[in-house]
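Here are the chains, one letter per residue:
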Amino acid sequence: MAKFIEEFKEFAFKGNVMDMAVGVIIGGAFGKIVSSIVGDLIMPLVAAAWSVNVADLKIELKPGIPEVTDPATGEVVKEAVEAVTWNYGAFCQNVLDFFIIAICLFFIVKAIAKASALRKKKEAEEAAAAPEPEPTKEEVLLTEIRDLLKEKK
């Protein structure tokens, strides 16, 4: 049992697992923001332009049956049955959410890649421009010894 716990700790607290957990949490929050953008900002504009709320679009496959009550007693004689509908509007809403999230992630990844390339370029320029460090006293002494040994041959 102790070995299992040790292996689990090693797995759970590795950098990659923790990074992934943070990414999933941030991704969930980002998804809520994008869903709000779509649902609260974009879709009302689409509804105003088309005079219809896309999320409410549906086709009724089987009509519903209203509740039947006995007029004399007021008791329910037959329970209501909801209509069976094909809610393609909700699907369209989710597809639009997906595309907006994909576009946002594309721009974020592109910006991060560009920033990373700029940082690497700057580091390379700084490394090329930096003068070589002067050799230490030990290196100078060893170089002199090497040169003296070469002269003796």
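Quick look at the structure, then. (Residues numbered from 1 in each chain as written. Predicted model: local features only at pLDDT ≥ 70, side-chain atom pairs only at ≥ 80, totals over all residues. Heavy atoms only, no water.)

**A few points about the overall build of the chain**
(1) Moving on: Secondary structure assignment for the chain yields four helices and four strands.
(2) Moving on: Computed over C-alpha atoms, the radius of gyration of the chain comes to 34 Å, more than 25% over the 15 Å expected from 2.2 N^0.38 for 153 residues, which places it beyond the range of a compact globule.
(3) Moving on: Counting only C-alpha atoms, the chain reaches 125 × 55 × 20 Å along its principal axes.
(4) Moving on: By residue count, 7% of the 153 residues in the chain fall in the buried class.
(5) Moving on: Partitioning the intrachain contacts of the chain with sequence separation of at least 6 by distance along the chain shows that 57% fall at a separation of at least 24.
(6) Moving on: Summed over its atoms, the accessible surface of the chain is roughly 13300 Å², and 67% of this surface lies on carbon and sulfur atoms.
(7) Moving on: Charge separation in the chain, taken as the distance between the mean sites of 18 positive and 23 negative side-chain charges, equals 10 Å. (Helix = DSSP H or I, 4+ residues; strand = E, 2+ residues; numbered from the N terminus. Rg over C-alpha atoms; globule rule 2.2 N^0.38 Å. Buried < 20%, exposed > 50% of the residue type's maximum accessible area, 1.4 Å probe, protein only. Contact = heavy atoms within 4.5 Å. Areas by Shrake-Rupley, 256 points an atom, 1.4 Å probe, with all protein chains shown as cover. Lys, Arg positive; Asp, Glu negative; His and termini not counted. Charge placed at Lys NZ, Arg CZ, Asp CG, Glu CD.)

**Some details on a nonpolar patch on the surface**
(1) Moving on: The grouping of Met-1, Phe-4, Ile-5, Phe-8 and Phe-11 at the surface amounts to a nonpolar patch, some 610 Å² of accessible area in total.
(2) Moving on: The topology assignment puts Ile-5 in helix α1 (residues 2-12).
(3) Moving on: The class for Ile-5 is partly exposed, based on a relative accessible area of 42%. (Patch = residues over 30% accessible without salt bridge, like charges linked within 9 Å, V, L, I, M, F, W, Y side chains within 5 Å. Salt bridge = Lys/Arg side-chain N within 4 Å of Asp/Glu carboxyl O.)

**A look at the packing of aromatic side chains**
(1) Moving on: Inspection of the entire model under this criterion finds three aromatic pairs.
(2) Moving on: Arranged with centres 5.4 Å apart and planes meeting at 65°, the rings of Phe-98 and Phe-99 form a pair that is edge-to-face.
(3) Moving on: Residue classification places Phe-98 among the exposed positions, given a relative accessible area of 51%.
(4) Moving on: The class of Phe-99 is partly exposed, set by a relative accessible area of 47%. (Phe/Tyr/Trp six-rings, centres within 6.5 Å; stacked < 30°, edge-to-face > 60°.)

**Focus: helix α3 (residues 88-129)**
(1) Moving on: Taking 1.5 Å of rise per residue, 42 residues should cover 62 Å, and α3 covers 61 Å from first to last C-alpha, within 8% of that figure.
(2) Moving on: Within α3, burial applies to Gly-89, Gln-93, Asp-97 and Ile-100. (Expected span 1.5 Å × (residues − 1).)

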